[in-house]
Amino acid sequence: MNNNVQDRKVDHLSICLNREVESKNESTWFEYVYLVHQALPEIDFKSVDTSVEFLGKKLSAPLLIDCMTGGPKFSREVNSILASVARDLNIGMGVGSQRAALINPELAKSFSVVREIAPEIFVMANIGGPQLSRGFNIDDAKRIIEMVKADALAVHLNPLQELVQIEGEPYYKGVFSALEKLVSELDVPIIVKEVGCGISREVALKLEMIGVKAINVAGLGGTSWAGVEAIRAEEMGDKYKARLGRTFWDWGIPTAASILEVRSVTKLPIIASGGIRSGIDIAKAIALGADLAAIALPVIRKAIKQGKDKTYSYLKGVVDELKAAMFLTGALNINEMKRKRYILVGKLKDWADSLGR
Ligand SMILES: Cc1cc2nc3c(=O)[nH]c(=O)nc-3n(C[C@H](O)[C@H](O)[C@H](O)COP(=O)(O)O)c2cc1C
């Protein structure tokens, strides 16, 4: 195990590829959402249209490959595969944190390859919240945006991960005002995302207030970064951090609940992510109020272990499943899917009821 920024990414990737890193005793809570089957959909399957417009670009499906670092060794290769799959499916993608490329400009090529391969797709640049209040300035933001000719900049908030990580930087004082400054000084839209603990309605309101253009909830139920850091701490012999990470492995707002939280206070576009694993998950997310969805872990596993064609087939399958769920609920397009009736049961129903209070 390693301890500089680049080597740490290698550890993260290797743990994500080879170990169980998803939530253990919690889930996305999409199992508490039932879309109501319609035996008379009154549409033809072939006319179901999954296309959407997002921040000025047209996508063939409401789907993004979420921001992921391939680590310095794999970055160029992984980003090339992800960009060619996103291009062929005409969906969007985010790159992983570009912090290392600011320190070591050689790494910039592993990011800029995305635009060489896919000049037209929707691309998000990426940086972490804690960096904003610790030296990252507007010129740095412009550099990382230019590096991938980004359509938007995604800022990730990861307080739990920073807390558990051995070299973590759990410094969140000043992040909000730094974010506000960034939003006011940049022309490119800013998206704020979590990395697996979800966004609450309180945070959503603050983000909307300062002009953030979309929220990626990245809720609980998929990759657990407390889990990834716990495994890494164990391997590095840090028992205290390993225990902290295990205790908080399933901490956060389940993805389905986070969509309801955010939608209860804002009309901003919502990206549903954190444990999105099928087209049914996406259809449910959209019915709950999301505009599009994003997937991380299964995509990078396919890309590195099985290559481009298998990654393409996996994501094509997800889009086909979404289309099937739309057909079976009688939704001709994504706007209709947003209005489809759903039933909430169990814990998610309790959560939704408590939002009304
Ligand atoms: C290998 C890997 C690397 C990641 N790197 C980043 C990153 O650099 N920046 C970021 O915002 N999120 C990063 N994420 C988090 C994802 O974008 C996503 O929010 C999270 O993994 C939940 O989605 P999932 O359950 O589909 O994996 C990474 C995820 C994985 C699996």
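Residues numbered from 1 in each chain as written. Predicted model: local features only at pLDDT ≥ 70, side-chain atom pairs only at ≥ 80, totals over all residues. Heavy atoms only, no water.

S.K.: Tell me about the state of the cysteines, and please be specific about residues and values.
M.R.: Linking two cysteines covalently via their sulfur atoms produces the bond known as a disulfide. In the structure shown here, the tally under the stated rule is 0 disulfides. Among the cysteines around Cys 67, which has no disulfide bond, Cys 16 carries the closest sulfur, lying 14 Å off. (Disulfide = S-S within 2.5 Å.)

S.K.: Lay out helix 1 (residues 5–18) in plain terms, naming residues and giving numbers.
M.R.: With 14 residues, helix 1 ought to run about 20 Å at 1.5 Å a step, and its terminal C-alpha atoms sit 20 Å apart, in line with that. Along helix 1, the residues classified as buried are Val 5, Arg 8, Asp 11, His 12, Leu 13, Ile 15, Cys 16 and Leu 17. (Helix = DSSP H or I, 4+ residues; strand = E, 2+ residues; numbered from the N terminus. Expected span 1.5 Å × (residues − 1). Buried < 20%, exposed > 50% of the residue type's maximum accessible area, 1.4 Å probe, protein only.)

S.K.: Give a detailed account of the pairing of strand 11 (residues 292–295), specifying residues and quantitative values.
M.R.: Alternating residues of strand 11 divide into Leu 292 and Ala 294 and Ala 293 and Ile 295, and every residue in both groups is buried. Of the pairings in the sheet, the one linking strand 4 (residues 63–68) to strand 11 comprises 3 bridges and is parallel in character. Considered in strand 11, the bridge of Leu 64 is made with Ala 294. (Pairing = 2+ DSSP bridges.)

S.K.: Pulling in residues and values, what's your account of the packing of aromatic side chains?
M.R.: Here the structure, examined in full by the defined rule, presents 5 aromatic pairs. Ring plane angle 80° and centroid distance 5.8 Å describe the contact between Trp 29 and Tyr 32, whose orientation is recorded as edge-to-face. Tyr 32 gets classed as buried once you look at its relative accessible area, which sits at 19%. An aromatic cluster is present here, built from Trp 29, Tyr 32 and Trp 351 joined pairwise through their rings. Above the face of the Trp 249 ring, Lys 24 is positioned so that its terminal group lies 4.1 Å from the ring centre. The side chain of Lys 206 reaches across the aromatic face of Phe 176, ending 4.6 Å from its centre. (Phe/Tyr/Trp six-rings, centres within 6.5 Å; stacked < 30°, edge-to-face > 60°. Lys NZ or Arg CZ within 6 Å of the ring centre and 35° of its normal.)

S.K.: For the site of the ligand, give the residues involved together with the corresponding values.
M.R.: The immediate surroundings of the ligand are formed by 23 residues, with Cys 67, Thr 69, Ser 97, Thr 223 and Arg 277 found nearest. At 3.2 Å, a side-chain N or O of His 156 approaches an oxygen atom of the ligand. Gly 275 has a polar backbone atom sitting 2.9 Å from an oxygen atom of the ligand. No other element matches strand 4, which puts 3 residues into the shell around the ligand. (Near = heavy atom within 4 Å. Polar contact = N/O pair within 3.5 Å; in protein donor to acceptor, adjacent residues only side chain to side chain.)

S.K.: How would you summarise the pairing of strand 8 (residues 190–193) if you had to cite specific residues and measurements?
M.R.: Where a strand is regular, its side chains alternate between the two sheet faces. Residue alternation in strand 8 divides its side chains into two sets, Ile 190 and Val 192 and Ile 191 and Lys 193, and both sets are buried. One ladder, built from 3 bridges, connects strand 8 with strand 9 (residues 214–216); its direction is parallel. Within the sheet, the bridge partner assigned to Ile 191 lies in strand 9 and is Ala 214. Once you follow strand 8 into helix 9 (residues 201–209) and on to strand 9, the crossover reads as right-handed. (Right-handed = clockwise from strand over helix to strand, strands pointing away.)

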